[in-house]
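Observations on the model geometry
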Amino acid sequence: MMKKNSFISNSSFIKFIYGIIFGCTIFFIISLYINYTIKESEFRFSQIFSNKQLDKYNTFVLGNSRSVSFNKFTLNYNNIFNLSYNSINYNELLNILDALKNKTKNKPEIYIELTSLIYDNIECRFTIFTHLENFIDKKILQKNCKTQYFFEKFFPVTKFKNEIFLRTFYYSIFKNRDQKWYNNYKMPEKTCSLGKLSPFAVKIVKNENQNKMILNAKKILKENPNQRIKFFITPIFSKKKNYGLMIENYLKKNLKEINFIEINKNLPKTFYKDCKMFADSLHLSLKGVKSVNFYTKFIGYY
C-alpha cells in the first residue's frame, strides 16, 4: 500500500514538474513573440526605435495629437514620416530625437509642434521599446519606472498591459496604415456653436505654459545642434480670438526665425473660427490640415 502511495506521489510530482516546464516554455514563447511583434510592427515607434532605416524620408513631424494628421496621406507627400502621438511630452520627444540621429544618412527636416513641450513629466509607456537597438537613453526610465521596467525586461509577456502595445500589435497585422492615421471625425454642432476653448487649449494660452514651450524648445536646440529642427503651433479653434496667432507672435519673439514657422499668420483671418477646419475644439480636420499646407506651404516646401 505504501509503495502504491509512493508511486502516486512520485507520479504527481513529476506531472507537477512537467507542468511548470510546460508553463515556462509557453511563457517564454509568448514573450519572444511579443518582443518580435514590437520590433517588426509598422507602428511609428517600432520603426524609429528598431534598426530599420528610414532613408527615404526627408521630413519628420513630431508632437502630440494636434500634429498627428500631418502625414503623407493627408498631404500627398511621400517623403514625410509622422512621429506624433497622443499626449507626447518633452522627455518622450527627446527619446525620439535621439533615435532619429541614426535613422537617416542625410539630415532631414524635423518639425515639432510646440504644445507637446508643455509637459515634461516622466511617462513609463516607452519602456515597451527599451529592448530595441535604437532606444538610446534608458536611464530615465530605469530610474523612474523601476517596477514596470524590470518586469517588461525580464518578463516581456507583461508588455501586453502597456497602453501602446495594442497599437503596436494592430499595425503588425494591418501594415502601411500607421502613416494614414488622422483625425477623421466631424466637429459636433454644439461644440461649433459654443466655440469655447478645450481644457488643454486653456492650458496652452497661459503665459507660464508658453514660457515652458520656449524653454524646452531652446533646450532641444542646444542638445541637438546638428539637427535641422523647426517649431510650429497648429491653429486653435475659438469663436472669440485667434489664440494660435497670439501665441505665435509671442513665441517668435523668443525663437530665432530660422527655427520657427509662422503658420497662423499666413492663414485666412477667419480660419480659427471655421468649424469645417477642425475635427473638434483642439484638432484640425482633414480639410483643415490640407488648408494649412495650401496657405502656408509648410511641409515639403521649406
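Everything below is about the structure printed above this text.
Reference entry: report on the structure contained in this document.

Analysis parameters
Residues numbered from 1 in each chain as written. Predicted model: local features only at pLDDT ≥ 70, side-chain atom pairs only at ≥ 80, totals over all residues. Heavy atoms only, no water. Salt bridge = Lys/Arg side-chain N within 4 Å of Asp/Glu carboxyl O. Helix = DSSP H or I, 4+ residues; strand = E, 2+ residues; numbered from the N terminus. Buried < 20%, exposed > 50% of the residue type's maximum accessible area, 1.4 Å probe, protein only. Phe/Tyr/Trp six-rings, centres within 6.5 Å; stacked < 30°, edge-to-face > 60°. Patch = residues over 30% accessible without salt bridge, like charges linked within 9 Å, V, L, I, M, F, W, Y side chains within 5 Å. Areas by Shrake-Rupley, 256 points an atom, 1.4 Å probe, with all protein chains shown as cover. Lys, Arg positive; Asp, Glu negative; His and termini not counted. Charge placed at Lys NZ, Arg CZ, Asp CG, Glu CD. Disulfide = S-S within 2.5 Å.

Here the focus is the pattern of salt bridges. Scanning all chains against the criterion turns up nine salt bridges. For glutamate 133, the salt bridge goes to lysine 39, with nearest N and O atoms at 2.7 Å. Taken as a pair, glutamate 133 in the loop between β3 (109–113) and α5 (139–144) and lysine 39 in helix α1 (residues 2–40) lie far apart in primary sequence, 94 residues in all. Its relative accessible area of 43% is what places glutamate 133 among the partly exposed residues. The class for lysine 39 is partly exposed, based on a relative accessible area of 23%. A salt bridge links aspartate 120 to lysine 212, with the nearest nitrogen and oxygen atoms 3.6 Å apart. Of the two residues, aspartate 120 sits in the loop between β3 and α5 while lysine 212 sits in helix α10 (residues 207–223), which places them 92 residues apart along the sequence. You can call aspartate 120 partly exposed: its relative accessible area is 34%.

With that settled, consider the packing of aromatic side chains. Applying the stated criterion across every chain, the model contains 29 aromatic pairs. Ring plane angle 70 degrees and centroid distance 6.0 Å describe the contact between phenylalanine 27 and phenylalanine 155, whose orientation is recorded as edge-to-face. With phenylalanine 27 in helix α1 and phenylalanine 155 in the loop between α6 (146–154) and α7 (165–173), the pair connects residues that are 128 residues apart, well separated along the chain. On the basis of an interplanar angle of 45 degrees and a centroid distance of 6.3 Å, the ring pair of phenylalanine 45 and phenylalanine 49 is categorised as tilted. With phenylalanine 45 and phenylalanine 49 both in helix α2 (residues 44–49), this residue pair falls four residues apart, about one helical turn. Residue class for phenylalanine 49 comes out buried when judged on its relative accessible area of 0%. Feature note: the residues Phe43, Phe45, Phe49, Tyr85, Phe126, Phe129, Phe135, Tyr170, Tyr171, Phe174 and Trp181 constitute an aromatic cluster, connected by ring pairs.

A contiguous patch of positive charge, built from Lys190, Lys196, Lys240 and Lys241, is present on the exposed surface. Turning to its location among the elements, lysine 196 is positioned in the loop between α8 (189–194) and α9 (199–204).

Enumeration according to the criterion identifies two disulfides in this entry. Each disulfide pairs two cysteine sulfurs, and for cysteine 124 the partner residue is cysteine 145, the sulfurs being separated by 2.1 Å. Its torsion about the S-S bond being -90 degrees, the disulfide of cysteine 124 and cysteine 145 is classed as left-handed. Taken together, the residues cysteine 124 in the loop between β3 and α5 and cysteine 145 in the loop between α5 and α6 connect sequence positions 21 residues apart. Using a relative accessible area of 21% as the deciding quantity, one classes cysteine 124 as partly exposed. A relative accessible area of 3% places cysteine 145 in the buried class. A sulfur-sulfur separation of 1.8 Å characterises the disulfide bridge that pairs cysteine 192 with cysteine 275. As the torsion about the S-S bond is roughly 90 degrees, the cysteine 192-cysteine 275 disulfide counts as right-handed. Here cysteine 275 lies in the loop between α11 (243–252) and α12 (286–296) and cysteine 192 lies in helix α8, a separation of 83 residues in the sequence. Along the protein, the cysteines that take part in disulfide bonds pair up as 1-2, 3-4, counted in sequence order.

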